[in-house]
Amino acid sequence: MEFILKPWPWYVSGPLIASVLILLVLFGKTFGMSSNLRTLCSIGGAGKYTSFFRFDWKAQRWNLVVALGAVIGGFMATQFLSDNSNIKLSQQTIDDLYNLGFNTPGNTILPPEIYSLQSILTIKGIAILIIAGFLVGFGTRYAGGCTSGHAITGLSNFQIPSIIAVIGFFIGGLLMTHFMLPLIF
Amino acid sequence: MKFLKFLFVGIFFGIILVKSEAVSWYRIFEMFKFQSFHMYGIIGSAVFTGATALWVIKKFKIKNSEGSLAILSPKETGFIRYIMGGIIFGLGIRRRLPWTHVYFIRYRCVRYANRYCSCNCGNFCLWSFKKQTTTLNNFRT
């Protein structure tokens, strides 16, 4: 039980994530979270404007159920399966975060400097989230997948498009972390 | 009822994401700073396990629960789409996690909904913008 309450090491988590992929493949589906964004747009009536959203979204309901399950599972894990210990970031990371103005690195899952209600109610705070959400929505559909669809599923299946996309994720992530984030904060 | 197994898979996935700390903004920051092996270990061991299992499935022609061969259909070929889309997502991921759904956990629905809306907004704009250009109907994931 103590092992469950502690944060899990990478060599436990990685194979477990792969088991999610394998279960979905054995159920005749595929593993990809961001395709739900397309489904939601279609449910919202986006098909009236763009042919991309005119598809049989009902066939994708299973994936919305997976996403709903992930919310429930995430809630269960934070509420009942955690010992509320801090994330053990490397000392260098903690120092870098202090220098950027983040005061509690690793105390919570997400930094309050970006995600607390207080931060969100500022123009800058809301702009960050809206622009970021836009980039994720635009990027995942343009590339045809996110971390689950490309980095886990695609790489496991040795798909060239996924390798290209993952290289892209890293170019974008590195640009943001090393050059743009210090400008924003 | 047929959705129940997917709900369980989702719950399992959500628990792993939180317990592995892969949902953490801080962990993703650390990853892009190359200051810890943690995230690389997760992705690396997931891909290693996934690739091995998919190989076994192909080798022994294991059927899925719908009775057909359990394989993944290949993605369409292309370069610009994947590299550009990847970069754009990579820019966004630094501010927001890849798995939107788990946001809900500690930071209430308003923020979650807000972000989800902007994701969908990005989504929608992209396809309005591209609607003339390509045939997209068998685009997946």
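Bear in mind the structure is a predicted one, so any value in this text is a computation, not a measurement. (Residues numbered from 1 in each chain as written. Chains lettered and ligands numbered in written order. Predicted model: local features only at pLDDT ≥ 70, side-chain atom pairs only at ≥ 80, totals over all residues. Heavy atoms only, no water.)

Helices and strands together make up the secondary structure of chain A, namely ten helices and zero strands. Shown N-terminal to C-terminal, the secondary structure of chain A runs as helices and strands in the order α-α-α-α-α-α-α-α-α-α. Along the first, second and third principal axes, the C-alpha atoms of chain A reach 50 × 45 × 30 Å. Relative to its 185 residues, chain A shows a buried fraction of 55%. Contacts in chain A between residues far apart in sequence, at least 24 positions, make up 45% of those at least 6 positions apart. Accessible surface, chain A: about 7900 Å² in total, of which carbon and sulfur atoms supply 69%. Chain A carries 10 positive and 6 negative side-chain charges, and their two centres are separated by 22 Å. (Helix = DSSP H or I, 4+ residues; strand = E, 2+ residues; numbered from the N terminus. Buried < 20%, exposed > 50% of the residue type's maximum accessible area, 1.4 Å probe, protein only. Contact = heavy atoms within 4.5 Å. Areas by Shrake-Rupley, 256 points an atom, 1.4 Å probe, with all protein chains shown as cover. Lys, Arg positive; Asp, Glu negative; His and termini not counted. Charge placed at Lys NZ, Arg CZ, Asp CG, Glu CD.)

Attention now goes to the environment of I15 of chain B. By the element assignment, I15 of chain B lies in helix α1 (residues 4-19). Given a relative accessible area of 13%, I15 of chain B falls into the buried group. Ignoring any residue separated from it by four or fewer positions in sequence, one finds I15 of chain B in contact with W8, G73, G74, M76, A77 and L81 of chain A.

With that out of the way, let us pick up the environment of W62 of chain A. You can see W62 of chain A is positioned in helix α4 (residues 61-80). W62 of chain A gets classed as buried once you look at its relative accessible area, which sits at 5%. On a C-alpha basis, the gap between W62 of chain A and F170 of chain A in space is 30 Å, while along the polypeptide they are 108 residues apart. Contact partners of W62 of chain A, with chain neighbours within four places excluded, come to L24, K29 and T30 of chain A together with F3 and F6 of chain B. In terms of polar contacts, W62 of chain A uses its side chain to reach the backbone carbonyl oxygen of A59 of chain A, at 3.3 Å. (Polar contact = N/O pair within 3.5 Å; in protein donor to acceptor, adjacent residues only side chain to side chain.)

So, on to the pattern of salt bridges. This model, assessed by the stated rule, comprises five salt bridges over all chains. We note a salt bridge from K33 of chain B to D96 of chain A, for which the minimum N-O separation is 3.6 Å. Within this pair, whereas K33 of chain B is found in the loop between α2 (25-32) and α3 (38-59), its partner D96 of chain A is found in helix α5 (residues 91-100), the two belonging to separate chains. Here K33 of chain B falls in the partly exposed class, since its relative accessible area comes to 22%. The partner of E21 of chain B in a salt bridge is R27 of chain B, and the shortest N-O contact between them spans 2.9 Å. Note on R27 of chain B: relative accessible area 6%, which makes it buried. In this structure, a network of salt bridges that share partners links the residues E21, R27 and E30 of chain B. (Salt bridge = Lys/Arg side-chain N within 4 Å of Asp/Glu carboxyl O.)

Residue N84 of chain A is not a glycine yet carries a positive backbone phi of 60 degrees. Counting through the fold element by element, N84 of chain A comes out in the loop between α4 and α5. Given a relative accessible area of 57%, N84 of chain A falls into the exposed group. The phi dihedral of F34 of chain B falls on the positive side, at around 55 degrees, and the residue is not glycine. Within the secondary structure, F34 of chain B is located in the loop between α2 and α3.

The residue R61 of chain A is located in helix α4 in this model. The partly exposed category is assigned to R61 of chain A, whose relative accessible area is 32%. Between the C-alpha atoms of R61 of chain A and L175 of chain A, which are 114 residues apart in sequence, the distance is 35 Å. With residues near it in sequence (within four places) discarded, R61 of chain A still touches K2 and F3 of chain B.

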